[in-house]
Amino acid sequence: YFTVTKARFAILTNGRVFEFYSDIDEPNKLDERPFLKVDLLDVPGSIMVELKKFEKSSYDEDSILSSAARLKYVSEIKGYLTREMENPSDAIIKLIASEVHDGRMNAAVREMLHSATKHAFRDIVREAIQSKLSSALVDEAEPQRTPSKQEMDSEIETTEEEIEGMLSIRAAVRGVIDTKRVTMRDAKSYCAILIDDNNRKPLARLHFNRKQKYIGLFDGEAEERVQISDLDDILHLADRLQSTAKKYVEEAA
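Note that this is a predicted model, so its numbers are computed, not measured.

About the thresholds
- Residues numbered from 1 in each chain as written.
- Predicted model: local features only at pLDDT ≥ 70, side-chain atom pairs only at ≥ 80, totals over all residues.
- Heavy atoms only, no water.
- Helix = DSSP H or I, 4+ residues; strand = E, 2+ residues; numbered from the N terminus.
- Rg over C-alpha atoms; globule rule 2.2 N^0.38 Å.
- Buried < 20%, exposed > 50% of the residue type's maximum accessible area, 1.4 Å probe, protein only.
- Contact = heavy atoms within 4.5 Å.
- Areas by Shrake-Rupley, 256 points an atom, 1.4 Å probe, with all protein chains shown as cover.
- Lys, Arg positive; Asp, Glu negative; His and termini not counted.
- Charge placed at Lys NZ, Arg CZ, Asp CG, Glu CD.
- Pairing = 2+ DSSP bridges.
- Axes fitted to C-alpha atoms, helices over the stretch in contact; angles between N-to-C directions.

1. Quick look at the overall build of the protein chain
The helix and strand tally for the protein chain stands at seven helices and eight strands. Taking 253 residues into account, the globule formula puts the C-alpha radius of gyration at 18 Å, and the protein chain, at 23 Å, lies well above it. Over its C-alpha atoms, taken along the principal directions, the protein chain stretches across nearly 70 × 60 × 35 Å. Here the protein chain holds 253 residues, and the buried ones make up 30% of them. Across the protein chain, every contact between residues at least 6 apart in sequence was considered, and the portion connecting residues at least 24 apart equals 39%. Only carbon and sulfur atoms are counted for the fraction: they give 51% of the accessible area of the protein chain, which is about 17100 Å². Of the charged side chains in the protein chain, 38 are positive and 47 negative, and the gap between their average positions amounts to 2 Å.

2. Topic: the sheet that holds strand E5 (residues 191-195)
Read from one edge of the open sheet, five strands run E4-E5-E6-E7-E8, paired in antiparallel fashion. Edge positions in the open sheet fall to strand E4 (182-186) and strand E8 (224-228), since each of these has one partner strand only. Averaged over all pairs of adjacent strands, the angle between strand axes in this sheet comes to 30 degrees, irrespective of strand direction. As judged from the five bridges shared by E5 and strand E6 (residues 198-207), these two strands associate in the antiparallel manner. Note on E6: the bridge partner recorded for Cys191 is Leu206. Seen against the sheet, helix H7 (residues 238-252) touches E5, E6, strand E7 (213-217) and E8 and runs at an angle of roughly 170 degrees to E6.

3. Brief notes about the side chain of Glu162
Residue placement: Glu162 occurs in helix H6 (residues 160-173). Not counting residues within four places of it along the chain, the set of residues in contact with Glu162 comprises Glu157, Met184, Asp186, Cys191, Leu206, Phe208 and Asn209.

4. Section: unusual backbone geometry
Even without being a glycine, Asn28 presents a positive backbone phi close to 65 degrees. A positive phi is found at Asp196, a non-glycine position, where the angle reads about 60 degrees. Checked against the element boundaries, Asp196 lands in the loop between E5 and E6. Classification of Asp196 by relative accessible area gives partly exposed; the value is 34%.

5. Notes on the pairing of E4
Strand residues, when the strand is regular, have side chains that alternate between the two faces of the sheet. For E4, a buried count of four out of five residues is recorded, marking the element as mostly surrounded by other parts of the structure. Bridge count between E4 and E5: five bridges; the pairing is antiparallel. From the neighbouring strand, Asp186 faces E5, where its bridge partner is Cys191. Between E4 and E5, which pair antiparallel in sequence order, lie four residues.

6. Some details on the environment of Leu167
Here Leu167 shows up in helix H6. Sequence separation of Leu167 and Thr183 is 16 residues, and the distance between their C-alpha atoms is 9.7 Å.

7. Considering the sheet that holds strand E1 (residues 10-13)
The strand order E1-E2-E3 describes an open sheet built from three strands, whose pairing is antiparallel. Sheet topology places E1 and strand E3 (36-39) at the edges, where each strand pairs with a single neighbour. Looking at each pair of strands side by side, their axes are set apart by 20 degrees on average, direction ignored. Of the pairings in the sheet, the one linking E1 to strand E2 (residues 17-21) comprises four bridges and is antiparallel in character. Opposite Thr13, over in E2, you have Phe18 as the bridge partner.

Written as structure tokens, this is what we have:
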């Protein structure tokens, strides 16, 4: 249909994901890959900027086309880097080896670099998230707020894992409750994740002070501790966290 109309853009959708196409690669021939993809359940701010260009009141075909090629390559590059982060290819391992390894390349070295590269990618992402989260926590801090007993206790130290755990919980309940309402209050024996910084509204508890980690869930009548082996396991409990968050949303309605 695209080739027999004067339209410059085509949209393919299943009702949730919208893919925007044009004829960037070859005039009057629909590109094989979209230059923009929008998931209605996860629309980041950068995508909203591009969507606004399609508003009737500010529609600018030339502006959209000028950025379409860049968006297409950005999307392709992000996809490529995501795949490499999850499972580094031999090509990227060889490239990294040429920069960080002086000896001969054998199977043992290749395996070591493969594992090290995966961990390096993960560390980069976590450190970037932690930096933004720390800035957000500072920005959201209330002036003249009376410090809690836990905050005044010098023996309490909030760890990086606890901060990352809180961030994972925020991600899990996003879309159910405003993530700004999800706060953290550390204590000696556990780190409480609360709604509205209210002890009567516990969302979860992070028991990270021992070798074996647990997360306390509150979707039942009392706290239930669930053993986890990795912070990524928190996202596997998203349904239970969302159930608790919905309870507080319904109470406030």
